[in-house]
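Structural overview for review
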Amino acid sequence: QVQLVESGGGLVQAGGSLRLSCAKSGRPFTTYNMGWFRQAPGNEREFVAAINWSGGNTYYADSVKGRFTASRDNAKNTVYLQMNSLQAVDTAVYYCAAHNGGSWPTTLPAHFGSWGQGTQVTVSS
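The paragraphs below set out a description of the structure included in this document. (Residues numbered from 1 in each chain as written. Predicted model: local features only at pLDDT ≥ 70, side-chain atom pairs only at ≥ 80, totals over all residues. Heavy atoms only, no water.)

Topic: the overall build of the chain
- Along its length, the chain carries 0 helices and 11 strands.
- Ordered by position in the sequence, the α and β elements of the chain form the string β-β-β-β-β-β-β-β-β-β-β.
- Per element, the accessible surface of the chain, about 6,100 Å² overall, is 47% carbon and sulfur.
- Within the chain, the 6 negative side-chain charges are centred at a point lying 8 Å from the centre of the 9 positive side-chain charges. (Helix = DSSP H or I, 4+ residues; strand = E, 2+ residues; numbered from the N terminus. Areas by Shrake-Rupley, 256 points an atom, 1.4 Å probe, with all protein chains shown as cover. Lys, Arg positive; Asp, Glu negative; His and termini not counted. Charge placed at Lys NZ, Arg CZ, Asp CG, Glu CD.)

Okay, here's the thing in structure tokens:
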């Protein structure tokens, strides 16, 4: 069973930065492509970023491209999301997820089989 635990969320002023971490236990980390999603109140869960198993390929939603960076350290079983130039519209609960082995790259939550509990990011304007 894949267990994912996010951390690093918090309250930040607009223009600030946060780095989210997602630690994984269970099967070897290098087996999985990983994704980051977010969900604001009243909204559907939306794709933010994805990173392949080696870290060599990353994909981003247009709304975060140029501001967010996904990375991973397989030796530490951890994937990261560096978020810069944060805006109030970035306020949401952020989730990491492990790809389920199907179509890749993908932005669909249904293609990710294991999810963390989420971490709240609040950006004040």
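Quick look at unusual backbone geometry
- In this structure, the amide linkage connecting Trp 104 to the following residue, Pro 105, adopts the cis form with an omega of -5 degrees.
- Secondary-structure assignment places Pro 105 in the loop between β9 (92-99) and β10 (112-115).
- Despite not being glycine, Asn 77 shows a phi value in the positive range, around 55 degrees.
- Considering the arrangement of structural elements, one finds Asn 77 in the loop between β7 (68-73) and β8 (78-83).
- Classification of Asn 77 by relative accessible area gives partly exposed; the value is 29%.
- With phi around 50 degrees, Ser 85 is a residue other than glycine that occupies positive phi space.
- With respect to the helices and strands, the residue Ser 85 is situated in the loop between β8 and β9. (Buried < 20%, exposed > 50% of the residue type's maximum accessible area, 1.4 Å probe, protein only.)

What to know about the environment of His 111
- Checked against the element boundaries, His 111 lands in the loop between β9 and β10.
- Overall, His 111 belongs to the partly exposed group, its relative accessible area being 22%.
- Taking C-alpha positions, His 111 is 14 Å from Val 48, a pair spaced 63 residues apart along the chain.
- The residues contacting His 111, other than those within four sequence positions of it, are His 99, Asn 100, Ser 103 and Thr 106. (Contact = heavy atoms within 4.5 Å.)

Some remarks on the sheet that holds β7
- Reading across the sheet, the 4 strands line up as β1-β3-β8-β7 and stay open at both edges, with antiparallel pairing between neighbours. Each edge of the open sheet is held by one strand with a lone partner, namely β1 (3-7) and β7. Neighbour-to-neighbour, the strand axes of the sheet open up by a mean angle of 15 degrees, direction not taken into account.
- Here β7 pairs with β8 via 6 bridges, running antiparallel. Along β8, the bridge assignment pairs Asp 73 with Thr 78. (Pairing = 2+ DSSP bridges. Axes fitted to C-alpha atoms, helices over the stretch in contact; angles between N-to-C directions.)

With respect to the pairing of strand β3 (residues 18-25)
- Relative to β3, β1 is paired through 5 bridges, and the arrangement is antiparallel. In the sheet register, Gln 3 faces β3, and the bridge partner there is Ser 25.
- With 6 bridges connecting them, β3 and β8 associate as antiparallel partners. Pairing of Ala 23 across the sheet is with Thr 78, part of β8.

Here we look at the pairing of β7
- Along β7, the buried face is formed by Phe 68, Ala 70 and Arg 72; none of Thr 69, Ser 71 and Asp 73, which line the opposite face, is buried.
- Taking the residues that link successive antiparallel strands as the turn, the β7-β8 hairpin has 4 residues, and the phi of Asn 77 there is positive, at about 55 degrees.

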